[in-house]
Amino acid sequence: MSADVELSNVSVTFGSFFAAKNVSVKIEGGEFFSFLGPSGCGKTTLLRAISGFQDPSEGNVLIDNKDMSGIGPNKRPTALIFQNLALFPLMTVSENIAFSLEVRGVSKTDRQKRADELLELIALEGQGEKKVHQLSGGQKQRVAIARALAVEPKVLLLDEPLSALDLKLRQRMRTELREIQKRVNITFIYITHDQGEALTMSDRIAVMNEGELEQVGPCDEVYNNPRTPFVATFVGENNPIYGRIKSIDGKTVEIDTPDGIFRSTINDNTNLNINDDAIAFVRPESLFLPRSDDNFDNSLPVIIDSFEFEGNIKNFYAHLKSGTKIKFSVPNAIDTSHIKNGSSINLGFDSQKSIILPKAPLAID
Amino acid sequence: MTSSHVMKFMMGLYLFIFFTYLFGPLIIMSFTAFNSAEFPAITPWECFTFRWFNEGKIAYDGQHLAGLFTDWRLHDGLISSLIIGGGVVLLAVPIGMAAAIVLTQVKSQLRDIYYSISIMPVLFPGVIIGISTVVLWDRLAGLGGEGFISEIGRNGIFLTILAQTCFISTYCFLIFVARLQRFDQTQEEAALDLGASQTQVFFKILIPYLAPAIASAAVIAFLASFENYNTTVFSILSDQTLTTVIASKVRLGISPALSALALSIIALTIIAAVTYEILRRREEKKYALSQEKYVTEKAAISRIDKDYKVGFKIPKGIVAIILLVILCSYGGTQILKNDLYGQSCIDAADKEKKSKFLDQLQVLEQNELSDEELGGGNLGGNLDYGDIFGDPNLFQDFAF
């Protein structure tokens, strides 16, 4: 059983500070939905508003089309997984998992049965008698999930639950979370500042900045067609090139920059006119070292500053004549022995792989 | 010899002096409990005896000196002390806990003010708390006429429980505050989120977390109540607690029965502490072992595989125990050899004291005579006093 969650014009204020500002979004039942944003952007506040720990100053939270105002966290069909997990250290693993049943007066044998079922779901069979501190980080994580699932909530809320784990474990838990979500088929609302987590797990993501929603959409759409310079630079990496609009021809736009004129693409609902200040964005993986038979729309002359080896790819840091910093990456399979620090080369990119947006603050500013 | 040796020696010397300072009086006093002399003393040592622990004695001058087990005033005092201690624990622990929990809920500048007010009772002199409690309840008892209020308002045990709770609940408050500071508030939220009511959160999450603090607050509250004098002496009214009984005894002249009492309390304390420590270590060992076993199991690497068979180990304290046994047996044989134990010794000592006492009486009588001979002389102040009390007409003007 899953439920829709709808936020309609939700604002949360602390004094004069807007933790969340006029947020409206509808999350479908059974969806894996992520709120993505830098720390302090108000995503945890939104989660607390959904779970009932924070009353919205304005607007409503609807779960299954039912207004939740005035309903306490213990009466909502949601379960929250805390950032620090908040497992009960004085109880055993089974007692932790069955806690929500215990407070509902379920008999001991039924509780034990349900706890064993859930232990099987999270692949911790036979470890129910252990104390919480005897578990490893990943096991604790799974126990927290099992505890939240024990009463079959309609919505599971996750507040950066993977942030304390090391990289390998985090990657494994991403897959596991996704699998658990498919198995139990309930709405997952996930909060993270890690765009990798959000992109790999979610059906849709919402990018937040300073309490406001910047963009909501499927992962690939947010990545490929960012609506604002903030989204363009927060989700994945991007090279901004500042300039002015020179010409607009359908979806193709020419931008005049100190380093030359580049052809780029404009989104359907972006409103730009000739001579407006704008930024062209090119991702590091969309910049290529051209071979003789390649034919790119744009040629970008750069001077190499430094390079780092990441394993599967090599990252090059360079600058344009005007001083603009450029990062580009090359698959490890391509030979780059001729590129030395200080050497000048031309990079190529397609207008299709670049996007142009009105000038606005970036995420990295 | 190197500088580190000197350092070690000085450190040892310092520790010796420090512990002598701490425990010396207690040790000396413990010995006086076994001396048959009427006054707690080590020298002169009369006879080795246990009578201060049970029947006491009738002194050579006819004064009855009760032993620990026959002193009904001590027993009554002890019983009321225990009742009061229990009452204080029942009141002070919940009050302290409630106050500490409220502190976690107060978030603004009010917090500092609230904290200051909460710890204020500790800063009041106990005497004032005692007196003010008595004054208040005397008024209340007066208002109610004859009835329940006037009954309990003049009940020393009830008033003492109230008066002591005033400041002892603050000790409990501080213990709970310290524990609550480390409480992870998200646990409460997690429990709420899982469907628990506020009451369930309190009983299933907060109380288990606070259990160690409840235990230590109860012990501290009981001990603080048991040893309290300055508040109790006012609020106890006509009743007596152990401390007020001892204090009144000290005023009338102490007997070795008090040393016997002190030694019993010390012995009880040591036994309790040692038992606790043994149990604690056993649990700790068990836990460490299970933890180690768990790690080994998990790692499943022979590298850290350990043999769990533990051979018999000689405890380090064995030297001290052997020394103590040797000392005790040597002391015991010396006592028996020199006829320092038993009725014959006591009889001999009493006889000697009695004769000395008679001698002294004679001397006093002689002195009295010589004083009278000197009467009317110029010997100063003493004479004036003598005159006052000797003058039968002194108070004749004070007609009643």
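Residues numbered from 1 in each chain as written. Chains lettered and ligands numbered in written order. Predicted model: local features only at pLDDT ≥ 70, side-chain atom pairs only at ≥ 80, totals over all residues. Heavy atoms only, no water.

**Q** Describe the overall build of chain A, listing the residues and the values that go with them.
**A** Along the backbone of chain A there are 9 helices and 19 strands. The principal-axis extent of the C-alpha atoms belonging to chain A is close to 75 × 45 × 35 Å. Here chain A, with 365 residues, has 50% of them falling under the buried criterion. Long-range pairs, those at least 24 residues apart, make up 68% of the contacts in chain A with a sequence separation of at least 6. Surface accessibility of chain A: about 16,600 Å² in total, with carbon and sulfur atoms responsible for 47%. Both charge centroids of chain A, one from 40 positive and one from 48 negative side chains, sit 4 Å from each other. (Helix = DSSP H or I, 4+ residues; strand = E, 2+ residues; numbered from the N terminus. Buried < 20%, exposed > 50% of the residue type's maximum accessible area, 1.4 Å probe, protein only. Contact = heavy atoms within 4.5 Å. Areas by Shrake-Rupley, 256 points an atom, 1.4 Å probe, with all protein chains shown as cover. Lys, Arg positive; Asp, Glu negative; His and termini not counted. Charge placed at Lys NZ, Arg CZ, Asp CG, Glu CD.)

**Q** Which residues make up the nonpolar core, and what values go with them?
**A** Formed by 69 residues in total, the largest nonpolar core has its most connected members in L7, F35, F99 and I189 of chain A together with F176 of chain B. Each residue touching I189 of chain A, except ones within four places of it in the same chain, is listed here: V5, I27, F33, F35, L47, I50, V155, L156, L157 and L158 of chain A. Counting residues in each nonpolar core, the second largest holds 33 residues, with V93, A146, L165 and M173 of chain A among its members. (Core = buried A, V, L, I, M, F, W, Y, C linked by side-chain atoms within 4.5 Å.)

**Q** How would you explain the environment of N228 of chain B if you had to name every residue and give the values?
**A** All names here are of chain B. Of note, N228 is situated in the loop between helix 8 (198–226) and helix 9 (232–235). Considering only alpha carbons, one finds N228 and L242, 14 residues apart in sequence, at a separation of 9.5 Å. With near-sequence residues (within four places) excluded, N228 lies in contact with Q164, F167 and T243. There is a polar contact of 3.5 Å between the side chain of N228 and the side chain of N230. (Polar contact = N/O pair within 3.5 Å; in protein donor to acceptor, adjacent residues only side chain to side chain.)

**Q** So what's going on with the interface of chain A and chain B? Residues and values would help.
**A** Each partner contributes to the interface: chain A provides 29 residues, whereas chain B provides 21 residues. A combined buried area of about 2,000 Å² lies between chain A and chain B, and 57% of that area is made up of carbon and sulfur atoms. Counting across the interface, chain A meets chain B through 2 salt bridges. For the salt bridge of E102 of chain A with K204 of chain B, the shortest nitrogen-to-oxygen distance reads 2.8 Å. For the side of chain A that touches chain B, the secondary-structure elements that each account for two or more residues are helix 1 (43–51), strand 6 (78–81), helix 3 (99–102) and helix 5 (137–149) of chain A. Residues of the side of chain A that touches chain B, tallied by class, amount to 15 nonpolar, 9 polar and 5 charged. (Buried area = accessible area lost by both parts, 1.4 Å probe. Salt bridge = Lys/Arg side-chain N within 4 Å of Asp/Glu carboxyl O. Nonpolar A, V, L, I, M, F, W, Y, C, P; charged D, E, K, R; others polar.)

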